[in-house]
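Each chain, written out:
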Amino acid sequence: VATPLTLGALSGVFCERAGVVNIGIEGMMLTAAFFGWLGAIYMNTIFHFEMMPSLLVGLLIGIVSGGLMGLLHAVLSVTFKVDQIIGGTVIYILATGVTGFLNRQLFFEKGSIFGGQVPHAPGVLPTIHIPILADIPVIGRIFEQQPIALLGIILVFVAHFVLFFTRWGLRTRAVGEHPRAADTVGINVSFMRYANVIIGGMLAGLGGAYFTLESVPSFEPLMTNGRGFIALAAMIFGNWSPIGA
């Protein structure tokens, strides 16, 4: 249940560390939930892919769609210097409108490709049982999860390592904390901000794909139900560190 919150918070961490406020996490997750689900349906129904290939293609589409929304946020915030709060709000409103409109047009209107009937995605991603670790009493259940949930746990530690123990993380934090000083020593501030906001969008996309590819095999308008905003709040109270302060 905490998977989308974890991934949404990680999305916010990468953006905030690069100096870009991202309140559009909710919109990025909603976009990924819809397009990932749509991709899985099309692969299974139109192109007759098997269940797992369809779900994996849907997962990839969800991540990419989240990254594209992150790119849009970066264009607005970094290139055009739009107020970052307003830019994030635009992302959320756009995602709400686009997913709701396409959901109606593709599945509920007469003459739609599925004849007015809403198909189910080809199931959900299966549970992975990690040998030995999953057999440990009490805590073994942690290691018996579906793929996105496992990735959420792993990515917390990966993000912490990247941000605090790599050159990329050092440059990201420098850009976020003192962009003029970072520019003085030759760091491309715009590039670092673009890259990290897109990475944040992809993480939010992975969190959004959880709803339709790992939780339930269907899409409902606004099904993210504020998880992106909750994740943003969790990230802020965690002092911008993936594992807290």
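Thresholds applied
- Counting restarts for each chain, with residues numbered from 1 along the sequence as it is written.
- In view of the model being predicted, local features appear only for residues whose pLDDT reaches at least 70, and side-chain atom pairs are presented and counted only at 80 or more, with totals across whole chains, interfaces and linings using the full set of residues.
- Hydrogens and water molecules were not included; the side-chain quantities draw on all heavy atoms of the structure.
- By the criteria applied, helices consist of DSSP H or I runs no shorter than four residues and strands consist of E runs no shorter than two, each listed in order from the N terminus.
- To sort residues, take the accessible area from a 1.4 Å probe on protein chains only and compare it with the maximum for the residue type: under 20% means buried, over 50% means exposed, and anything in between is partly exposed.
- Note on geometry: axes are lines fitted to C-alpha atoms, helical ones only across the stretch in contact, with angles between N-to-C directions running from 0 to 180 degrees.
- Angular relationships are summarised with four words: roughly parallel below 35 degrees, roughly antiparallel beyond 145, roughly perpendicular across 65 to 115, and oblique for the angles in between.
- What makes two residues a contact is simply this: any of their non-hydrogen atoms within 4.5 Å.
- Note on residue categories: nonpolar means Ala, Val, Leu, Ile, Met, Phe, Trp, Tyr, Cys or Pro, charged means Asp, Glu, Lys or Arg, and polar means any other residue, Gly included.
- To estimate how far a helix should reach, multiply one less than its number of residues by 1.5 Å.
- Handedness of a crossing is defined here by the sense of rotation of the near helix relative to the far one, left-handed for an anticlockwise turn of less than a right angle and right-handed for a clockwise turn.
- For every residue, the predictor assigns a confidence score, pLDDT, that lies between 0 and 100.
- By convention, a stacked pair of Phe, Tyr or Trp rings (six-membered ring in the case of Trp) has centres within 6.5 Å and planes under 30 degrees apart, an edge-to-face pair has planes over 60 apart, and any other such pair is tilted.

Visitor: Teacher, can you tell me more about unusual backbone geometry here?
Guide: Glycine aside, residues mostly have negative phi angles, and peptide bonds mostly take the trans form. The phi angle at Leu222 is positive, at roughly 60°, despite the residue not being glycine. You can see Leu222 is positioned in the loop between helix H8 (189–215) and helix H9 (227–237). The backbone phi angle of Asn225 is positive, close to 55°, even though this residue is not glycine. Mapped onto the secondary structure, Asn225 falls in the loop between H8 and H9. On the accessibility criterion, Asn225 (58% relative accessible area) is exposed.

Visitor: How should I be thinking about the packing of helix H5 (residues 147–165) against helix H6 (residues 167–177) in this particular structure?
Guide: Axis angle and axis distance: for two packed helices, these are the angle between their axes and the distance between the axes, and together they describe the pair. Where H5 contacts H6, the axes come no closer than 5 Å and their chain directions differ by 70°. Of the possible angle classes, the one that applies to H5 and H6 is roughly perpendicular. Only Trp168, Gly169, Leu170, Thr172 and Arg173 of H6 make contact with H5, whose side of the interface consists of Val162, Leu163 and Phe164. Class assignment of the residues belonging to the contact of H5 with H6 gives a composition of five nonpolar, two polar and one charged.

Visitor: How do you make sense of helix H4 (residues 84–107) when you look at a structure like this?
Guide: At 3.6 residues per turn, the α-helix brings residues three or four places apart onto the same side. Here H4 is 24 residues long and its end C-alpha atoms lie 34 Å apart, about the 34 Å a rise of 1.5 Å per residue gives. By the burial criterion, the buried members of H4 are Gly87, Gly88, Ile91, Ala95, Thr99, Gly100, Asn103 and Phe107. Buried-residue contacts for H4 involve helix H2 (25–45) and helix H3 (51–79).

Visitor: Would you take a moment to explain the packing of H2 against H4 for this structure?
Guide: Taken N-terminus to C-terminus, the directions of H2 and H4 make an angle of 25°; their axes are 7 Å apart at the nearest point. It follows that H2 is roughly parallel to H4 by the angle criterion. As for how H2 packs across H4, the hand of that crossing is left-handed. On H4, the residues that touch Glu26, Gly27, Met28, Leu30, Thr31, Phe34, Phe35, Trp37, Leu38, Ile41 and Tyr42 of H2 are Ile91, Tyr92, Ala95, Thr96, Val98, Thr99, Leu102, Asn103, Leu106 and Phe107. Its residues placed into classes, the contact of H2 with H4 shows 15 nonpolar, five polar and one charged.

Visitor: Can you help me understand the confidence of the model for the chain in this one?
Guide: Do not read the predicted coordinates in detail wherever pLDDT is low. When pLDDT is averaged along the chain, the result is 90, and 92% of the positions lie at 70 or above. For the chain, H9 is the element with the lowest average pLDDT, namely 87, and H8 is the one with the highest, namely 97.

Visitor: Could you clarify how one ought to interpret the packing of aromatic side chains in this entry?
Guide: For any two aromatic rings, the description comes down to two numbers: the centre-to-centre distance and the angle of the planes. Taken as a whole and assessed by the stated rule, the structure comprises nine aromatic pairs. Look at Tyr210 and Phe211: their rings are 5.8 Å apart centre to centre, the planes differ by 75°, and that puts the pair in the edge-to-face class. Classification of Tyr210 by relative accessible area gives buried; the value is 12%. Ring-pair connections join several aromatic residues into one group, and the members of that group are Phe34, Phe35, Trp37, Phe107 and Phe219.

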